[in-house]
Amino acid sequence: MSSPLIGLTMHSTADADRAELDLLLGYIVQAVERAGGLPLLIPPGLSAETLRGLYARLDGVLFSGGGDVAPARYGAEMHPKVGGVDDERDRVELTLARWVVADAKPFFGICRGAQVVNVALGGTLYRDVSEHPGAHPHTYYPNFPRDLRAHAVKVEEDSLLARVLGEPLLAVNSLHHQACKDIAPGLLAAARAPDGLVEAVEAPNHPFGLAVQWHPECFPEAPEMRRLFEAFVAAAGDALTCVTTNAPGDALAASLQTRGRTGGVATNARTHWRASLQTRGRTGGVATNARTHWRASLQTRGRTGGVTTNARTHW
């Protein structure tokens, strides 16, 4: 079975933070490949015609992290803490974000990617998290390890994110200074930090439309982070099967029944994905029933690595 072609948006070679962004993009490439996808970089500056032609060949789009979206894109003035604005990158990514939603093409956003999707669909941003009343620190960069799990996020129980993760509370890293403010029509908040900031958005009634504020690519060995890439690539693979066979119902069924992936990802996607969406039973002691797990975890959840020994107290 063919591997889905995944377009990865990226920063300019002239970006002031290129060294750091190159590193994170490399992690994303590895994560997509490990999940069974074929990563393809989409640079800023492409003409509208070239971008459309490239997009038509993609099975999924991943919006990567980077500098700030220009405030004018969401009707705001400049702010002293806004930086790394790249008008060409904004143009390319906002266009792609509108296309993937309109065409129901699987997409996944990371950090800036969540903000891009929100702005593209009519939402707004906090130009700096300090604009959010009662905001906690969120910019654990550059003086902290990239994989520092700085705070917890609470995942909405009936969200796509909850079904993919199989966990109601998740400790995440935090490398951002902006965040989604007004959530765009057509999107739902799927997770929040303890201070109320939105940490994930998703598009309901979409094959796979999800964006998170943290950087899961920094945790290549964490099963819950890998599941984000695996679920996204699997959804893109299902879309590929439907297109190439020209029989969406039959193709989807066949894909879910027999989809085998390299690198230890599910050898039977129907079993893997359906179990994940319904009652998510996982090895290593993760929930055998997501709803029961949700409630129990809010009461007594203990985490390794000193993140929190009691999620309710921490929250």
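As the structure is a prediction and not an experimental result, all values here were calculated from the model. (Residues numbered from 1 in each chain as written. Predicted model: local features only at pLDDT ≥ 70, side-chain atom pairs only at ≥ 80, totals over all residues. Heavy atoms only, no water.)

Asks: Explain the overall build of the protein to me, please; I cannot follow it from the model alone.
Replies: A count of helices and strands for the protein gives 10 helices and 11 strands. Counting across all 315 residues of the protein, residues that qualify as buried make up 53%. Within the protein, residue pairs in contact and separated by at least 24 positions form 68% of the contacts whose partners lie at least 6 positions apart. Surface summary for the protein: the accessible area is close to 13,600 Å², and the carbon and sulfur share equals 52%. (Helix = DSSP H or I, 4+ residues; strand = E, 2+ residues; numbered from the N terminus. Buried < 20%, exposed > 50% of the residue type's maximum accessible area, 1.4 Å probe, protein only. Contact = heavy atoms within 4.5 Å. Areas by Shrake-Rupley, 256 points an atom, 1.4 Å probe, with all protein chains shown as cover.)

Asks: In this structure, what is going on with the pattern of salt bridges? I would like to understand it.
Replies: When the charged atoms of two side chains with opposite charge come close together, those side chains can pair. Applying the stated criterion to the full structure yields 13 salt bridges. As a salt-bridge pair, Glu20 and Arg146 come within 2.7 Å of each other at their nearest N and O atoms. Of this pair, Glu20 sits in helix H1 (residues 18-34) while Arg146 is found in the loop between strand E5 (125-126) and strand E6 (151-155), placing the two residues 126 residues apart along the sequence. Residue Glu20 is classed as buried on the basis of its relative accessible area, which comes to 14%. (Salt bridge = Lys/Arg side-chain N within 4 Å of Asp/Glu carboxyl O.)

Asks: Quick question: what am I supposed to make of the packing of helix H3 (residues 87-102) against helix H4 (residues 112-120) here?
Replies: Between two packed helices, both the angle of their axes relative to each other and the distance between the axes serve to describe the pair. Direction vectors running N to C along H3 and H4 enclose 70°, while the axes themselves pass 9 Å from each other. Taken as axis vectors, H3 and H4 run roughly perpendicular relative to one another. Between H3 and H4 the crossing geometry is right-handed. Side by side, H3 and H4 meet where Arg89, Asp90, Glu93, Leu94, Ala97 and Arg98 of the first sit next to Arg112, Val116, Val117, Val119 and Ala120 of the second. Of the residues that constitute the contact of H3 with H4, the class distribution is 6 nonpolar, no polar and 5 charged. (Axes fitted to C-alpha atoms, helices over the stretch in contact; angles between N-to-C directions. Parallel < 35°, antiparallel > 145°, perpendicular 65-115°, else oblique. Left-handed = near helix turned anticlockwise from the far one by under 90°. Nonpolar A, V, L, I, M, F, W, Y, C, P; charged D, E, K, R; others polar.)

Asks: What exactly am I supposed to notice about the sheet that holds strand E1 (residues 5-9) here?
Replies: Sheets are built from strands paired through backbone hydrogen bonds, the pairs being either parallel or antiparallel. Overall, mixed pairing links the 9 strands, which are arranged E2-E1-E3-E4-E11-E10-E9-E6-E7 in an open sheet. Bordering the open sheet on either side are strand E2 (38-42) and strand E7 (169-172), each of which pairs with just one other strand. Geometrically, the sheet is characterised by an average inter-axis angle of 25° between neighbouring strands, direction not taken into account. Across 3 bridges, E1 lies against strand E3 (residues 60-63) in parallel orientation. Counted as the bridge partner of Ile6 is Gly60 from E3. Along the sheet, H3 contacts E1, E2, E3 and strand E4 (107-110); its crossing angle with E3, the most-contacted strand, is approximately 140°. (Pairing = 2+ DSSP bridges.)

Asks: Could you clarify how one ought to interpret the pairing of E2 in this entry?
Replies: Where E1 lies against E2, 5 bridges are found, and the strand directions are parallel. The residue of E2 that forms the bridge with Gly7 is Leu40. In this fold, E1 hands off to H1, which returns the chain to E2; that crossover is right-handed. (Right-handed = clockwise from strand over helix to strand, strands pointing away.)

Asks: Explain the packing of aromatic side chains here, please?
Replies: Here a ring pair, both rings aromatic, is described through the centre-centre distance and the interplanar angle of the planes. Applying the stated criterion to the full structure yields 5 aromatic pairs. Aromatic pair Phe108 and Phe232: ring centres 6.0 Å apart, planes at 40°, arrangement tilted. Of this pair, Phe108 sits in strand E4 while Phe232 sits in helix H6 (residues 223-245), and the two are 124 residues apart along the sequence. Pair check on accessibility: Phe108 and Phe232 agree, each one buried. Each member of the aromatic cluster is reached from another via a ring pair, and the members are Phe108, Phe208, Phe229 and Phe232. (Phe/Tyr/Trp six-rings, centres within 6.5 Å; stacked < 30°, edge-to-face > 60°.)

Note that every value here comes from positions in space, so none of it alone points to a role or purpose.
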